Amino acid sequence: MAQPETISVEEFFGPPPRAKTTLSPDGRNMAYLAPWKNRMNVWIESVDAPGDARCVTTEDRGVVSYHWTRDPRWLLYCRDQGGDENLHLYRGDLDDPDAAAVDLTPYPGVRTVGLDLPAGRPGKVVTQLNLRDRARFDLVELDIATGELTTLAQNPGGAVDGWLYSERGLFATATTAEGDIELSRWDAATGALTPVARFDGGDAPLGIYPMEVTPDGTGVWLGSYRGSDRLRLARLDLATGEEHEVDSHPSHDLDTRALVFPALPSPLIRSRSTGELLAVRYLGERQVVHALDPHFAEVLENLEKLSDGDIAGVSSDESGQRWVAAFTHDRDPGVTFLYDHTTGESRLLHRAKPHLDPEALAPTRPVSITSRDGLTLPVHLTLPVGVEPSRLPLVLFVHGGPWSRDSWGYNPAAQLFANRGCAVLQVDFRGSTGYGKAHTRAGIGEFAGRMHDDLIDGVRWAVDQGYADPDRVAIMGGSYGGYAALVGITFTPDVFAAAVDVVGISDLANFMRGQPDFVKPMLVHNWFAYVGDPADPEQEADMLARSPISRVDRVRTPLMVVHGANDARVVLAESDRFVEALRARDVPVDYIVMEDEGHAIENPENVIALYTAAERFLAEHLRFETETT
């Protein structure tokens, strides 16, 4: 096949014409996200009379997620303010689309976390708010129609960091002095907490996930490593504290990507009408879905025939007969179907990128390689179409977290650079999640150490295989990936011909000290456990030694830095200080500050601007052709 024509940055990164379609509870309507003034907003359309779509939200920041309620009049959605991560909960009126959305949590600097719509409390929504204390969340109930707020459980302080809601009881999670995670029953009359179970905090750098109360209120479904290296699904008895396995996969962990990216589907597929467990998702090189309900097993068999991708979001009416299913695919993303189990009929609703020919896009191939010390490293390799895969420019694209992972599917950055004739490599270095407990824990104490060695080993593998030209290798990433890019040009400057750092960390100790109040309770499980305590002088010194700012004098690699001015996680000062240190030495650096963004660059024009700049920058230093060459 000949090399495909050059595809524009806008085509890869522009907002999709339609995405995240879900069914209403009665199955008569569909909601979905689509552009309104170049911002993703919620639209409603009839299932049986397509073409009557109408926009029901008009947000200038864009809507990431939304929720049907049991009242067909109300729709709920969340958005933050300019990327500050203080999500507010809004109510949209489907009966009066001209009515302005109502902010149900109109409190400056306050963040809403989680959302429950209890079957036994019609017209109510349960969520968590840090209204009294920015570092602590209370469990509250909101009246959807009036906005009236009722506190269900007031955070007693200490180490309580979250709540579980059940109509039969309330439960709190807390971090113990030893760093474990304790689940306790809340006594509303006395405010006392009675321990139910304790979990090893070292197994869960981002907390126990999933953790959902069973419909009868007697148990909790949770992700557990107890007695295994693999994350499997267990049920905890809330009366006895005993834990029993519900389901597992011999070689895959539960798919926990939604813990980091809430817009992705939960690993638990539950009945819309009863809340019972229908199926469980696992993720290895590809997704595996275990159906636990006979009816859903029949539905799943038919859904999986609709696409050769992996099932992503699914929704049904309350009868479980009508379904909407979207699929993840490396070259045909977001293909979404309506399926009627009663008739067996299905129809294509939309594709996320209908203007892109899947045959012109580059396949992404999962591969396993071996690190220098013998650890198996999962990697994803994307090679350009129609080009001999020999001595290509290579972009090493590093995921954030670092307690996250890469996975098979559409990656617009990988497709962009592959379309320009580059190889793209993504390495799930030690410390990444999703490959067993031991793989994650191997990252303890290894920032700028073996975690970075794994990335370099990935580059060497690509060079040894003949795919990559060792003189034309770049490193790029966001958040932890931005830190990795800075480590790359300060610890191993000879490896990289260019680097792109997006919202990256330059000083580990300052980064940890500057975390927002709502994040600090969780640091004990991840940053303190894996990196150190900046209050301890010896550990702080070690953190500085692992920080790019301590080696800024070694930078000689061309660098581009991008940061959101409202970033609450990695504050703008992290990049300001690093760039200023370079400029003081007359080292050139391209620096872009996006005034209306936070830790995630979300506005479409900013995403396009970021990758347009990155494309030109890397093309100059890796010597490949761009759209405008």
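Just above, that's the structure.
Let us look at the structure shown here. Not measured: the values here are computed from a predicted model.

**Digging into the side chain of His-439**
For His-439, the location among the structural elements is in helix 4 (residues 437–441). With a relative accessible area of 6%, His-439 lands in the buried category. Once you skip the residues sitting within four places of it in the chain, His-439 turns out to touch Leu-375, Thr-376, Leu-377, Pro-378, Asp-428, Phe-429, Arg-430, Gly-431 and Ser-432.

**Some remarks on the sheet that holds strand 36 (residues 589–594)**
Taken in spatial order, the eight strands of this open sheet run 29-30-32-31-33-34-35-36, and their pairing is mixed. Here the strands that pair on one side only, and so sit at the sheet edges, are strand 29 (364–370) and strand 36. Averaged over neighbouring strand pairs, the angle between their axes works out to 20 degrees when direction is ignored. Pairing of strand 33 (residues 468–478) with strand 34 (residues 498–502), which is carried by five bridges, proceeds in the parallel orientation. Bridge assignment links Ile-475 to a residue of strand 34, and that residue is Ala-499. Contacting strand 30 (376–382), strand 31 (392–398), strand 32 (423–427) and strand 33, helix 3 (residues 412–419) crosses the sheet at an angle of about 150 degrees to strand 32. Sheet contacts for helix 11 (residues 604–622): strand 31, strand 33, strand 34, strand 35 (559–564) and strand 36; angle to strand 33, the most-contacted strand, approximately 160 degrees.

**What to know about helix 10 (residues 572–584)**
Here helix 10 is 13 residues long and its end C-alpha atoms lie 18 Å apart, about the 18 Å a rise of 1.5 Å per residue gives. Listed as buried for helix 10 are Leu-572, Glu-574, Ser-575, Phe-578, Val-579 and Leu-582. The arc enclosing the buried residues of helix 10, seen along the axis, measures out at 160 degrees, which places them on a common side. When the buried face of helix 10 is taken as reference, the exposed residues oriented beyond 90 degrees from it are Glu-580 and Ala-584. Those residues of helix 10 that are buried lie in contact with helix 6 (480–491), strand 34, helix 7 (508–513), strand 35 and strand 36. Just beyond helix 10, the residue with positive phi is Asp-586, at close to 60 degrees.

**Examining unusual backbone geometry**
Backbone torsion omega between Tyr-209 and Pro-210 reads -10 degrees, so that peptide bond is classified as cis. Mapped onto the secondary structure, Pro-210 falls in the loop between strand 16 (193–199) and strand 17 (211–213). Omega for the bond connecting Gly-401 with Pro-402 falls within 30 degrees of zero, at 5 degrees, which places this linkage in the cis form. On the secondary structure map, Pro-402 appears in the loop between strand 31 and helix 3.

**Some thoughts on the packing of aromatic side chains**
Evaluation of the coordinates by the stated rule reveals 16 aromatic pairs. Both rings, one in Phe-447 and one in Tyr-483, keep their centres 5.8 Å apart while their planes meet at 45 degrees; by these two values the pair is tilted. Of the two residues, Phe-447 is situated in the loop between helix 4 and helix 5 (450–464) and Tyr-483 in helix 6; the sequence distance between them amounts to 36 residues. With centroids separated by 5.3 Å and ring planes inclined at 65 degrees, the aromatic side chains of Phe-447 and Trp-527 adopt a geometry described as edge-to-face. Separated by 80 residues along the polypeptide, Phe-447 in the loop between helix 4 and helix 5 and Trp-527 in helix 8 (residues 527–530) bring together distant segments of the chain. As far as burial versus exposure is concerned, Phe-447 and Trp-527 are alike and both buried. Ring-pair connections join several aromatic residues into one group, and the members of that group are Trp-403, Phe-429, Phe-447, Tyr-480, Tyr-483, Phe-511, Trp-527 and Tyr-530. In this arrangement the basic side chain of Arg-286 is found over the ring face of Trp-408, its NZ or CZ atom lying 3.7 Å from the centre. Seen from the ring of Phe-491, Arg-551 lies directly overhead, with NZ or CZ sitting 3.9 Å from the centre.

**Re the state of the cysteines**
Taken as a whole, this structure holds zero disulfides when the rule is applied. Not engaged in a disulfide, the cysteine Cys-78 finds its nearest cysteine sulfur in Cys-55; these two sulfurs lie 17 Å apart. Judged by relative accessible area, which is 16%, Cys-78 ranks as buried.

**Structural notes on the sheet that holds strand 2 (residues 29–36)**
Reading across the sheet, the four strands line up as 1-2-3-4 and stay open at both edges, with antiparallel pairing between neighbours. Since the sheet does not close on itself, it has two edges, and those belong to strand 1 (19–23) and strand 4 (54–55), each with one partner. Here strand 2 pairs with strand 3 (residues 39–46) via eight bridges, running antiparallel. The partner of Ala-31 across the bridge, within strand 3, is Ile-44.

How each quantity is defined
- Residues numbered from 1 in each chain as written.
- Predicted model: local features only at pLDDT ≥ 70, side-chain atom pairs only at ≥ 80, totals over all residues.
- Heavy atoms only, no water.
- Helix = DSSP H or I, 4+ residues; strand = E, 2+ residues; numbered from the N terminus.
- Buried < 20%, exposed > 50% of the residue type's maximum accessible area, 1.4 Å probe, protein only.
- Contact = heavy atoms within 4.5 Å.
- Pairing = 2+ DSSP bridges.
- Axes fitted to C-alpha atoms, helices over the stretch in contact; angles between N-to-C directions.
- Expected span 1.5 Å × (residues − 1).
- Arc of directions from axis to C-beta.
- Phe/Tyr/Trp six-rings, centres within 6.5 Å; stacked < 30°, edge-to-face > 60°.
- Lys NZ or Arg CZ within 6 Å of the ring centre and 35° of its normal.
- Disulfide = S-S within 2.5 Å.

Without other data, these values stay purely geometric and don't point to any function.
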